[in-house]
Amino acid sequence: MGKIEIEALRERRKGYLQETVLYAVGITGVLLVAMAAPNTLQLLGGLIRNNKRFSEQARAALSRLARKGYIKFEESQGKKYARITSAGRRVLEFERQKMLIRSPKGKHWDGRFRIVMFDIAERRKAIRIQFREIMHKAGFLRLQDSVWVYPYNCDDFIQLLKADLHLGKEVLYVIVEKMDNDAWVRRHFKLPPT
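What follows is about the nonpolar core. In this structure, Phe131, Phe140 and Phe157 are the most contacted members of the largest nonpolar core, which totals 31 residues. Secondary structure elements with two or more residues in this core: α4 (86-102), β4 (113-118), α5 (125-138), β6 (147-150), α6 (155-164) and β7 (171-176). Not counting chain neighbours up to four residues away, the residues in contact with phenylalanine 131 comprise Val116, Phe118, Ile120, Leu161, Leu165, Leu167 and Val171. Formed by eleven residues, the second largest nonpolar core is a distinct cluster that contains Val21, Ile71, Ile84 and Val91.

What follows is the structure in C-alpha cells.
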C-alpha cells in the first residue's frame, strides 16, 4: 500500500472513531472521560487488541470533537465528563437521516422524483463541494452539476443539510410527477419501468 493510501486510511479511521465516540456520548448523554470511555466504546466498536492505545485514541477523538464544538467537557466531583452539545446532536440527527435515505429497501416508491437544485456562490466554493460530496454519498444521482435526483422522500434530510451548511434560498427541493427520458434514472435506482 502506498504512502497516500496509508494516510487516507488513517484519516478514515480517525473519522470512524470520532463518529463512534460521538454516538457513545449521544446515546448515554454524558460520558466519563477516564477508564469508562474505552469500556463504553468497546461495546460499540467491537474487539480492540491494544486497550491502552485505544484509550489514547479515544481521548484524542474526544479532543477533536470538542474542538469541532460537538461535545463539551464538564467536571463534577473531581471527575471529567464529556457532554454532547446541540451541534453534536444535529450531526447525529444528520447522520441518522443520511442512513435512513440510503436504505430504501422496504420503501414503496410513490412514482415521484425528488429534485434538489442549488446555486451556491463562488465565494462559498468549499461549501458547494461539500454539498455535492454529501449528496453523492447519500445516494442521490447527479442529473447536472447542480441538479440531483432521488426517488424517495428526503425532505427532512435536505432541511438538515441546509441548516448544517447554512444554506437557505441557495437550495431548492422540488417534487416532480413526470420526468422526460427517465429510463436511465429508473435503472439507476432499480425502479420499475413505465
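Let us now look at the sheet that holds strand β5 (residues 141-144). Pairing in this open sheet of four strands is antiparallel, and the strands run β5-β6-β4-β7 from one edge to the other. Where the open sheet ends on each side, the last strands, each with one partner, are β5 and β7. Adjacent strand axes in the sheet meet at a mean angle of 30 degrees, parallel and antiparallel pairs treated alike. Strand direction decides the pairing type here: β4 and β7, joined by six bridges, are antiparallel. Looking at the pairing, phenylalanine 113 lines up with valine 176 of β7. Contacts between α5 and the sheet are confined to β4, β6 and β7, with β4 contributing the most and set at about 165 degrees to the helix.

Conventions used here
Residues numbered from 1 in each chain as written. Predicted model: local features only at pLDDT ≥ 70, side-chain atom pairs only at ≥ 80, totals over all residues. Heavy atoms only, no water. Core = buried A, V, L, I, M, F, W, Y, C linked by side-chain atoms within 4.5 Å. Buried < 20%, exposed > 50% of the residue type's maximum accessible area, 1.4 Å probe, protein only. Helix = DSSP H or I, 4+ residues; strand = E, 2+ residues; numbered from the N terminus. Contact = heavy atoms within 4.5 Å. Pairing = 2+ DSSP bridges. Axes fitted to C-alpha atoms, helices over the stretch in contact; angles between N-to-C directions.

Functional significance is not addressed by these values, which are geometric in nature.
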